[in-house]
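# Chain and residue survey
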Amino acid sequence: MSKALDGIRILDFTHVQSGPTCTQLLAWLGADVIKVERPGVGDATRKQLVDVEGADSLYFTMLNHNKRSLTLNSKSETGKRVLERLVKKCDVLVENFAPGALDRMGFGWERIQELNPRMIMASIKGFGPGPYENCKVYENVAQCVGGAASTTGFRDDVPIVTGAQIGDSGTGLNLALGITAALLQREKTGRGQRVLAAMQDGVLNLCRVKLRDQQRLQHGPLKEYSQFGEGIEFGDATPRAANDSGGGQPGRILKCKGWESDPNAYTYFITQVAVWQKICGVIGKPEWKEHPDYATPPARLTRLNEIFGAIEAWTMTKTKFEVMDICNPLDIPVGPILSMKEIAEEPSLRETGTIVEVEHPQRGSYLTVGCPIKLSDTEVEVTRSPLLGEHTEEILAEVLEYSVDEIAEIKESGAV
Ligand code: COA
């Protein structure tokens with residue numbers, strides 16, 4: 001079966017998490033991704049959070065499947081010549097170096113265009129143009145400057161960062177979309193272009209409902225926030241809303257049977273307007289169905305603690321899965337809080353390729369996330385990440401078409 005990005009060759013200058021998630025996605029969709037790494041060193045994540053001595057870390061392997069690894073010192077004279085040839089042979093250059101690193105290497109946008117006018121040059125930076133454009137940025141910094149941390153957590157506690165890597169993996173997704181759009185545009189114009197995805201922008205984009213609420217605050221309190229029902233005044237910025245749902249339908253995380261010993265024995269529960277009567281029936285409060293204090297959404301807003309208290313008294317008598325089994329047929333929106341252990345063991349996620357077991361020569365088999373986007377005409381087969389420099393000779397010979405003697409010379413120079 002052919003793949004969506006067959007024939008597209010990516011010069012992958014990415015490292016750590018954000019950039020590698022982008023190029024891994026492109027590789028899953030069929031692109032030939034050549035990861036360029038410093039000889040003897042490689043991507044720093046290879047040796048971060050090591051769990052199996054002598055093996056590439058899971059941090060690295062889980063971000064670099066389906067790629068080939070070429071070691072190259074792109075600051076040496078020979079290395080620069082090899083890189084020039086690589087630029088001419090590739091469709092896209094992807095990088096997430098600190099601002100200015102590529103210019104310092106001698107491969108800024110002008111030079112890239114001279115070498116290959118069809119080249120798409122795609123970058124992730126912490127910030128877009130502006131006062132902070134030269135800053136180095138990591139995941140949690142992005143969550144803080146993108147509005148996520150100030151709006152996550154409990155109102156009377158410190159800002160919280162989320163475990164979902166929205167700054168890194170989220171921005172990698174944006175970049176992948178930008179690259180595929182630029183490839184499509186190149187079909188018409190014949191020209192490459194620059195693609196920039198800033199982590200601050202990516203996080204803010206995911207926090208749009210909080211920017212929505214910031215503006216709604218000017219017209220009165222945010223009535224769907226629990227804080228309103230509790231009679232606590234709003235300040236001048238969108239507050240942290242704990243587990244309140246982001247939409248107009250009140251929702252909370254509630255305890256389920258076993259919560260005393262199991263940190264994940266909880267369910268999310270949404271009191272959706274359309275199913276209010278069914279909720280009353282399920283939790284044993286039939287009198288609330290028509291009672292004027294409970295029957296309408298505005299009436300309920302000041303009684304959410306009481307209402308969720310009653311719902312929780314019911315959910316605590318059931319496991320989180322029983323809650324799901326009872327509520328789903330009634331269209332009551334609920335969701336069990338699944339632990340990573342439960343997710344890792346969930347057979348249906350293995351069947352869809354969302355979780356994949358991969359064999360690795362240094363570490364045996366391990367689990368990883370598969371491609372989250374399913375295309376009916378592109379079957380994704382997740383293959384292990386490359387060892388450092390595993391494909392150097394192969395790429396020099398096949399892609400860059402160097403002769404045996406030239407390869408020997410390049411190796412001699414220490415550039416690879
Ligand atoms: N050959 C020779 N030199 C190489 C090389 C190679 N193959 N690959 C990288 N280098 C050099 C770079 O040119 C750079 O040199 P310079 O500082 O002299 O210009 C150096 O290695 C280090 O690159 P840098 O990007 O500064 O790495 P860092 O470890 O100091 O910073 C980040 C890491 C992630 C903070 C930074 O890259 C960054 O802010 N990136 C953009 C935002 C981002 O993606 N953050 C999320 C990461 S998950």
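Structural data are supplied above this passage.
Residues numbered from 1 in each chain as written. Predicted model: local features only at pLDDT ≥ 70, side-chain atom pairs only at ≥ 80, totals over all residues. Heavy atoms only, no water.

### A word on the sheet that holds strand β1 (residues 9-13)
This is how the line gets drawn: Whether two strands pair depends on DSSP finding at least two bridges between them. We count a stretch as a helix when DSSP gives it H or I for four or more residues in a row; a strand needs E for two or more, and each element gets its number in order from the N terminus. A fitted line through C-alpha atoms serves as each axis, taken over the contacting stretch for helices, and the angle formed by two N-to-C directions is quoted from 0 to 180°. Contacts are residue-level and defined by heavy atoms, with any inter-residue pair within 4.5 Å sufficient.
Pairing within the open sheet is parallel, and its six strands lie in the order β3-β2-β1-β4-β5-β6. Lying at the two open borders of the sheet, with one neighbouring strand each, are β3 (67-71) and β6 (194-198). The average angle at which neighbouring strand axes cross in this sheet is 20 degrees, direction not considered. Relative to strand β4 (residues 92-95), β1 runs parallel, the two sharing four bridges. The residue of β4 that forms the bridge with D12 is V94. Strand contacts of helix α7 (residues 168-189): β4, β5 (120-125) and β6, with the helix running at about 165 degrees to β5, the strand carrying the most contacts. The sheet contacts of helix α17 (residues 392-399) involve β1, β2 (32-37) and β3, and relative to β3 the element is tilted by about 95 degrees.

### Looking at a positive patch on the surface
The condition that has to hold: Patch criteria: residues need more than 30% relative accessible area and no salt bridge. Like-charged residues are merged within 9 Å; nonpolar side chains of Val, Leu, Ile, Met, Phe, Trp and Tyr are merged within 5 Å. What sets the accessible areas is the Shrake-Rupley method with a 1.4 Å probe; for residues, cover comes only from the shown protein chains. When a carboxyl oxygen of Asp or Glu lies within 4 Å of a side-chain nitrogen of Lys or Arg, that pair is called a salt bridge. When charges are counted, Lys and Arg are positive and Asp and Glu negative, with His and the chain ends excluded. Think of each charge as sitting on NZ of Lys, CZ of Arg, CG of Asp or CD of Glu. Buried residues are those whose accessible area, probed at 1.4 Å on protein chains only, stays under 20% of the maximum for their type, while exposed residues exceed 50% and partly exposed ones sit between those limits.
The grouping of R38, K75, R104 and K136 at the surface amounts to a positive patch. By the secondary structure assignment, K75 is in the loop between β3 and α3 (77-89). Relative accessible area serves as the criterion here: at 61%, K75 is assigned to the exposed category.

### Digging into a nonpolar patch on the surface
Together, Y138, V141 and V145 give the surface a local cluster of nonpolar side chains, amounting to about 270 Å² of exposed area. Relative to the elements of secondary structure, V145 occurs in helix α6 (residues 139-145). Here V145 falls in the partly exposed class, since its relative accessible area comes to 32%.

### Observations regarding the pattern of salt bridges
The final tally for this structure, using the stated rule, is 25 salt bridges. Across the pair R111 and E114 runs a salt bridge whose closest N-O atoms are separated by 2.8 Å. Of this pair, R111 and E114 both sit in helix α5 (residues 109-115), separated by three residues, roughly a single helical turn. Residue classification places R111 among the partly exposed residues on the basis of a relative accessible area of 28%. By relative accessible area, which is 58% here, E114 ends up exposed. For D213, the salt bridge is made with R216, and the minimal N-O distance between the two is 2.8 Å.

### Considering the pairing of strand β8 (residues 266-270)
As paired elements, strand β7 (residues 251-255) and β8 share five bridges and run antiparallel to each other. In the strand pairing of β8, I253 is matched with Y268. Sheet analysis places β8 next to strand β9 (residues 334-336), joined by three bridges and oriented antiparallel. For Y268, the partnering residue across the bridge sits in β9 and is G335.

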